[in-house]
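For reference, the chains in residue letters:
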Amino acid sequence: MAAEMVLSHRVPHKVLSEADLEEVAQRKPPAKPSLRGCLHKTRCSASTAKSLLFRFLPFLHWLPRYPVKDWLLGDIASGFSVGIMHLPQGLAYALLAGLPPVTGLYSSFYPVFLYFFFGTSRHNSVGPFAVISVMIGSLTDSLMPSEKFLESVNINGTNVTMVNEEQRDAARVELVATITVLTGIFQVALGLLQFGFVVTYLSDPLVRGYTTAASVHVLVSQLKNVFGVSLNEHSGPLSLFMTFIEICQKLPGTNVGTLVTAIIAMVAIFIVKELNHKFAAKLPMPIPIELVTIIISTGISYGVNLNAKFGISVVGNIPSGLKPPVVPNVSYFGQVAGNAFAIAVVGYAICISLGKIFALKHGYKVDSNQELIALGLCNFLGGFFQCFAISCSMSRSLVQESTGGNSQVAGVIASLVILVTILKIGELFRDLPKAILAAIIIVNLKGMFKQFNDLRVLWKSNRVDLMVWIVTFVATLMLNLDIGLGASVVFGLLTVIFRTQLPHYSILGRIADTDVYRDVAEYQMAQEVPGVKIFCSSSTLYFANVELYAEALKKKSGINVDRLIEKKKKALKKLKKQQKKAEKEKAKRQKHAEDRVNGPGVAVIELSGAEDSAPPKPTLRTLGLPQPGFHTIILDFSPVNFVDTVSIKILKNIFRDFHEIEVDVFVASCPVPVLAQLEQGNFFSSAITKHCFFPSVHDAVIHISRERHQASADLSTRM
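In what follows, the accompanying structure is described. (Residues numbered from 1 in each chain as written. Predicted model: local features only at pLDDT ≥ 70, side-chain atom pairs only at ≥ 80, totals over all residues. Heavy atoms only, no water.)

With that out of the way, let us pick up unusual backbone geometry. You will see that Q194, though not glycine, has its phi angle at about 60°, which is positive. By the element assignment, Q194 lies in the loop between α9 (165-192) and α10 (204-227). Positive phi is not limited to glycine here, since D513 has a value of about 65°. (Helix = DSSP H or I, 4+ residues; strand = E, 2+ residues; numbered from the N terminus.)

Structure below.
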């Protein structure tokens, strides 16, 4: 009675099991897909065609509503600022990809212009990006190494082996254009299939660890241009370390002029960038120090003839004008498919993460699947025009936002700045020292290297994410960018699996005067309901952890369930033998008595009521076995979001085992989709019905309390 008082609620509470709830609430039967329904959904109409057109060409939606007075001046100023940044970064990242500088200008023009039509982010600045460029560079080094283009040249009567740079560059451009087209195909296909969620498998610690490691690859790859030394091209696992070792070995052959040029440029660019950051609020636009450095260094190089006098390597010829489209060499598809997919996923992950940051800040939405399609079309179409794969640059995007950019009109202006450069100005940069481009690349890595601060933050907040970050970083350094990414994704998924295999198991208790139930080990005021064990797991149930769930349940119950079942089976077997022996003895005694009374040959059969009735079912108490200290278990299914065939089988075993030891099992807070999966898996039977399922833990507790109270009342009435 006291227990009933404790469990009673202040307001009368009608308790419904899931079976009652389905009847009262009139649950709808699951809809079955039909051919007619599918055809109706795919039926073409004017409104459907219009919505599809606006979806795939977002500019048709926002451009007619473009507020010219409010946005145009800001977009023009922003476009010029970003275009000025595109010029040096395009040249530098082409060098990083192992391609002629003009391909960097192409990659800063075509994709940026195309993104205006297909993109949904108003502030993303697409174009060349260091991480993608170094991924492409590792491919060009491995598939088109300079050693393949060696030829003997007669110089002053002496045969000298030299690299035919023209042939090498042409072959690399063809290879990279093919990779870019294939990358675009992957991205468009994933977008059309609504697979924008694929980037969710790249967690934030994984992406940050990967880009930090890629930055180290970028840094090491540019050291040869800083020190002015020539290196062999290494590819595959441990190539980063082999390159670094070779650089150290060749340090005595450093070109001092190249080193001084690079150091001066790095110091100047770094100082001005810091001033831009410090006085960002006061400056109308950032000082274009990269462009200024390129112009000044090109002028000095041309005037002093740095290449001839000091052996400082320069960019060389930059052809002016646009080239006609070229069909990619599809014979490379088989060789580069894996790398192209990795580039597609990494490029999209960086692009969508930046897009969502700006969208949240400025209050608009970014369509993840359309962004995938937009990026894919930029790469696919750009590949025909000798572009390399692009993504989104954080530095350019921040400038586009901070200088007043409100839409991708700024991107069109930036692309026009690059177009003018390609047509008229590009050829003037033929004397630009490569050391200057290396300096620009290295200084722009500062933001990436700041991600090392993640180690301290993750150490305090989440050790598993810290492990993902470190493993990703080390794997990418050791195994190179492509294999490192695959290994990192696998490790990240394994951490999820391990966490679901080792969840937190708890016994819940009720907080007094509430219908709230919490872990009794963590909350002092949480008290277990007398005779009831409420068991909860922090994870869903599936084949990898359901057996651990069953073991944890038996352990938390405080009794050895399997041992008790075994003892019961032995006791029942022993009881059965005793009953058979008693029946035989009774039959003998009865026959002997009949022979003595009636004489031989006459048999009289008498059936008494006591003999006719079935013997009472043996219980743990009648068998002399220990009884559990509780009569009911409630399984809290609120964290469960799906079940499979293995988990259904184990759940049946749980019901069976606890019924064997005279403990009732109920399930609470089971989501309706999980209930439907249990139905499809033939979980329910005459022994396990939906009357064992309740919408909440409190409903199940009240039901149990009332049943026990009713049973006690019936027993006292009979007595």
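One can find T258 in helix α12 (residues 256-278). Among the residues examined, T258 registers a relative accessible area of 5% and is labelled buried. For T258 and L306, which are 48 residues apart along the polypeptide, the C-alpha to C-alpha distance reads 9.2 Å. Sequence-distant contacts of T258, defined by excluding residues within four places in its chain, comprise N225, V226, F227, G228, G311, I312 and A435. (Buried < 20%, exposed > 50% of the residue type's maximum accessible area, 1.4 Å probe, protein only. Contact = heavy atoms within 4.5 Å.)

Below, the discussion takes up the nonpolar core. M135 and L202 are the most contacted members of the largest nonpolar core, which totals 100 residues. Among the elements that line this core, the one with the most residues is helix α15 (residues 333-362), at 14 residues. Residues C536, F658, V674 and C692 belong to the second largest nonpolar core, which totals 56 residues. (Core = buried A, V, L, I, M, F, W, Y, C linked by side-chain atoms within 4.5 Å.)

As a further point, take helix α18 (residues 409-425). Owing to its 3.6 residues per turn, the α-helix aligns residues three or four sequence positions apart on the same side. Helix length check: α18 (17 residues) gives 23 Å between terminal C-alpha atoms against 24 Å at 1.5 Å per residue, within 8%. The element α18 is extensively covered by neighbouring structure, given that 12 of its 17 residues are classed as buried. Taken residue by residue, α18 has V409, A410, G411, V412, I413, A414, S415, V417, I418, L419, T421 and I422 as its buried positions. Where α18 is buried, its residues touch α5 (59-62), α6 (68-96), α7 (101-118) and α17 (394-402). (Expected span 1.5 Å × (residues − 1).)

Here we take up the pattern of salt bridges. Summed over the entire model, instances satisfying the criterion amount to 14 salt bridges. As a salt-bridge pair, K446 and E274 come within 2.1 Å of each other at their nearest N and O atoms. Of this pair, K446 sits in helix α20 (residues 446-449) while E274 sits in helix α12; the two residues are 172 residues apart in sequence, bridging distant segments of the chain. Among the ionic contacts, a cluster of salt bridges with common partners joins K554, D562, R656 and D657. (Salt bridge = Lys/Arg side-chain N within 4 Å of Asp/Glu carboxyl O.)

As a further point, take the pairing of strand β8 (residues 532-537). Counted residue by residue, β8 has six buried out of six residues, so it is predominantly covered. The alternating pattern of β8 places V532, I534 and C536 and K533, F535 and S537 on opposite faces, both of which are buried. By the bridge criterion, five bridges tie β8 to strand β9 (residues 632-636) in an arrangement that is parallel. Each bridged residue has a counterpart across the sheet, and for I534 the counterpart in β9 is I634. (Pairing = 2+ DSSP bridges.)

A separate point is the packing of aromatic side chains. Following the criterion strictly, the structure yields 26 aromatic pairs and no others. Centroid distance F109 to F113: 6.3 Å. Interplanar angle 20°. Geometry classified as stacked. Pair noted here: F109 and F113 are both in helix α7, with a separation of four residues, about one helical turn. Taking relative accessible area as the criterion, F113 reaches 32% and is therefore assigned partly exposed. Considering the side-chain rings of F380 and F384, the 5.3 Å spacing of their centres and the 80° angle between planes classify their relative orientation as edge-to-face. (Phe/Tyr/Trp six-rings, centres within 6.5 Å; stacked < 30°, edge-to-face > 60°.)

Our next topic: a positive patch on the surface. Side chains of K576, K580, K584 and K588 sit close together on the surface and give a patch of like positive charge. Mapped onto the elements of the fold, K576 is located in helix α24 (residues 561-598). (Patch = residues over 30% accessible without salt bridge, like charges linked within 9 Å, V, L, I, M, F, W, Y side chains within 5 Å. Areas by Shrake-Rupley, 256 points an atom, 1.4 Å probe, with all protein chains shown as cover. Lys, Arg positive; Asp, Glu negative; His and termini not counted. Charge placed at Lys NZ, Arg CZ, Asp CG, Glu CD.)

Following both chains from N to C, one finds α15 and helix α16 (residues 368-383) inclined at 130°, their axes separated by 10 Å at the closest point. It follows that α15 is oblique to α16 by the angle criterion. Like other packed secondary-structure pairs, α15 and α16 cross with a definite hand, here right-handed. Where α15 approaches α16, its residues G347, Y348, C351 and I352 are matched on the opposing element by S368, N369, E371, L372 and L375. (Axes fitted to C-alpha atoms, helices over the stretch in contact; angles between N-to-C directions. Parallel < 35°, antiparallel > 145°, perpendicular 65-115°, else oblique. Left-handed = near helix turned anticlockwise from the far one by under 90°.)

Of note, V292 is situated in helix α13 (residues 289-304). C-alpha separation for the pair V292 and P88, spaced 204 residues apart in sequence, amounts to 9.6 Å.

It is worth spelling out the packing of α6 against α18 at this point. Across the interface, α6 lies against α18 with an axial gap of 7 Å and an inter-helix angle of 45°. Considering the angle they form, α6 stands oblique to α18. Helix-helix and strand crossings are classified by hand; for α6 and α18 the assignment is right-handed. Contact residues: α6 offers D75, I76, S78, G79, F80, V82, G83, I84, H86 and L87, while α18 offers V409, A410, I413, A414, V417, I418 and T421. Considered class by class, the residues forming the contact of α6 with α18 number 11 nonpolar, five polar and one charged. (Nonpolar A, V, L, I, M, F, W, Y, C, P; charged D, E, K, R; others polar.)

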